[in-house]
Amino acid sequence: MKIMKRTILLILALIALLALSCGPSYTMKAPDSFKRFEKSNDFKMITADGVMLKAREVDNYPEASLEFWTDAVSQHLEAQGYLVQSEKCFKTEKGLDGCTVNFLLPHGAQDWVLSETMFVVDDKVVLVETAGPFDRFAVIEEDLGKAVLTFNPNL
Amino acid sequence: MKRITILVALIALVSPSVVLAQDKPAKAETKPAVTEEVAATDTAEEKKDEPVDGRQTALVSRMLLKVINPADARTVLAQEAAKIGGFPILVTDAEIYLKVPPRKMSAMLEVAAKEGLVVEKSMDRKDLTQEISQLEGQLKSKRKILAKLRGFFDDSNVQATLRIEQTMTDLVTEIERVKGQLRVARDRAKWAVIEISFEFRQRDRIIYVNSPFEWLNTVNLDHFLEEF
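Residues numbered from 1 in each chain as written. Chains lettered and ligands numbered in written order. Predicted model: local features only at pLDDT ≥ 70, side-chain atom pairs only at ≥ 80, totals over all residues. Heavy atoms only, no water.

All names here are of chain B. At their nearest, the axes of helix α5 (residues 129-151) and helix α6 (residues 158-190) sit 9 Å apart, and the two run at 155 degrees to each other. Between α5 and α6, the crossing angle belongs to the class labelled roughly antiparallel. Like other packed secondary-structure pairs, α5 and α6 cross with a definite hand, here left-handed. Classifying every residue of the contact of α5 with α6 by side-chain character gives 14 nonpolar, three polar and nine charged. (Axes fitted to C-alpha atoms, helices over the stretch in contact; angles between N-to-C directions. Helix = DSSP H or I, 4+ residues; strand = E, 2+ residues; numbered from the N terminus. Parallel < 35°, antiparallel > 145°, perpendicular 65-115°, else oblique. Left-handed = near helix turned anticlockwise from the far one by under 90°. Nonpolar A, V, L, I, M, F, W, Y, C, P; charged D, E, K, R; others polar.)

See below:
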């Protein structure tokens, strides 16, 4: 009986450990030019010329709508000197509301784009962030716009 | 005697530091070179410096235009400017400055906007009418004084002639300075300037600002690159 209890506890601990190490199970049909870091626990991808994409989630605290957080991110980055290049709200293929705001900023000797796509899922805000030099980002921008329509946070 | 009094007053007005000799006026033997130069150029230039009617406005438009290939964009913009009678005044890797006729500025801005993504745009408009009128007034009065001084040579002795010549030289220098200012002001009114940058001019524009929403402090490029 004692051995059985220990075995169950061990299995539960292993499951918990496995769950923690796997991280979020986001899915997205990324453009062909993006390659995913398969071994990483994070959902991150990169193109050959260095445009990077990463998804993560933060607490939806204080609890607010997608519109609220889109506005807050825009204002926060504008206050830091970022320029809003474009803003677009959409529905994913699964019917989830999302908004993408692209920001432009000087970074080193180049001008870079930081793209923030946001989804609000209950108590979480899921962010799909992309960054790269303007000229390289511009080339994949359209494909990226289509790709985020396939994003599923699977929360 | 009356002429001498006027001469004293005039020279004192133009150059208070000049003190006239008390000698009896004597005829100048030769006319100074400065008067001949001035006489030769004055008539032609007076016509050129005649006041121009209407408002004189300086227009400067600035644009941050993001394009994938700045070299191609520069070529197209220079060609488009030439089509409307304009020309580039500065061309670098990161920017191009164009001078175009003021009436064609809007059209040129529209053409430029089609070449890429307009991220920032601003326009400065300055009325130069008063500045130009003032310069024209200064020029006119200085020329009048110069013309009057020229008339005093006949009744002056050598010493007085030398002093008049010095005063006239100073006056000519001033006239040239005013003419230069006037030329610049008129050129600013004649051409609208379009400054197109393909990159941020202010490279250090990013400053850290703390947000009351905790997670927003992790939304920025530096954090993204650090965590990637």
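There's plenty left to go through after this.
Residue and element names in this part refer to chain B. The predicted model of chain B averages 83 in pLDDT, with 77% of residues at 70 or higher. Across chain B, element-level confidence peaks in strand β5 (residues 192-197) with a mean pLDDT of 97 and bottoms out in helix α1 (residues 2-14) with 52. Across residues 14-31 the pLDDT falls below 50, and counting only partners more than four positions away or on other chains, this stretch makes 32 contacts in the model. On the interface metric, ipTM, the complex scores 0.86, and its pTM is 0.73. (pLDDT = per-residue confidence, 0-100. Contact = heavy atoms within 4.5 Å.)

Our focus in this paragraph is the sheet that holds strand β2 (residues 87-91) of chain B. Hydrogen bonds between backbone atoms are what pair the strands of a sheet, whose relative direction is either parallel or antiparallel. Residues and elements named next belong to chain B. Pairing is mixed across the open sheet formed by five strands, whose spatial order is β2-β3-β5-β1-β4. Both edges of this open sheet fall to β2 and β4 (117-127), since each of them pairs with a single strand only. Strand-to-strand twist across the sheet, computed as the mean angle between neighbouring axes with direction ignored, equals 15 degrees. Running over the sheet, helix α4 (residues 105-114) touches β1 (57-66), β3 (95-100), β4 and β5 and is turned about 5 degrees from β1. (Pairing = 2+ DSSP bridges.)

Below, the discussion takes up the sheet that holds strand β5 (residues 97-107) of chain A. Residue and element names in this part refer to chain A. One open sheet holds the seven strands; their spatial order is β1-β2-β3-β7-β6-β5-β4, and the pairing between them is antiparallel. Both outer strands of the open sheet, β1 (34-36) and β4 (83-91), are each paired with one neighbouring strand and no more. Across the sheet, the mean angle separating the axes of adjacent strands is 25 degrees when strand polarity is ignored. For strand β6 (residues 110-121) and strand β7 (residues 124-133), the ladder comprises ten bridges, and the chain directions are antiparallel. Note on β7: the bridge partner recorded for Glu 116 is Glu 129.

Here the focus is the side chain of Lys54(A). You can see Lys54(A) is positioned in strand β3 (residues 52-59). For the buried Lys54(A), no salt bridge exists, and the shortest N-O distance to an oppositely charged side chain is 4.2 Å, to Asp42(A). Setting aside residues up to four positions removed in sequence, Lys54(A) forms contacts with Asp42(A), Phe43(A), Lys44(A), Leu127(A), Val128(A), Glu129(A), Phe224(B), Glu227(B) and Phe228(B). (Buried < 20%, exposed > 50% of the residue type's maximum accessible area, 1.4 Å probe, protein only. Lys, Arg positive; Asp, Glu negative; His and termini not counted. Salt bridge = Lys/Arg side-chain N within 4 Å of Asp/Glu carboxyl O.)

Here we take up the pattern of salt bridges. Residue and element names in this part refer to chain B. On inspection of all chains with the given rule, the structure shows 18 salt bridges over all chains. In this structure, Lys 83 engages Glu 80 in a salt bridge whose closest nitrogen and oxygen atoms are separated by 3.2 Å. Placement of the pair is Lys 83 and Glu 80 together in helix α3 (residues 70-83), with a separation of three residues, close to one helical turn. You can call Glu 80 partly exposed: its relative accessible area is 22%.

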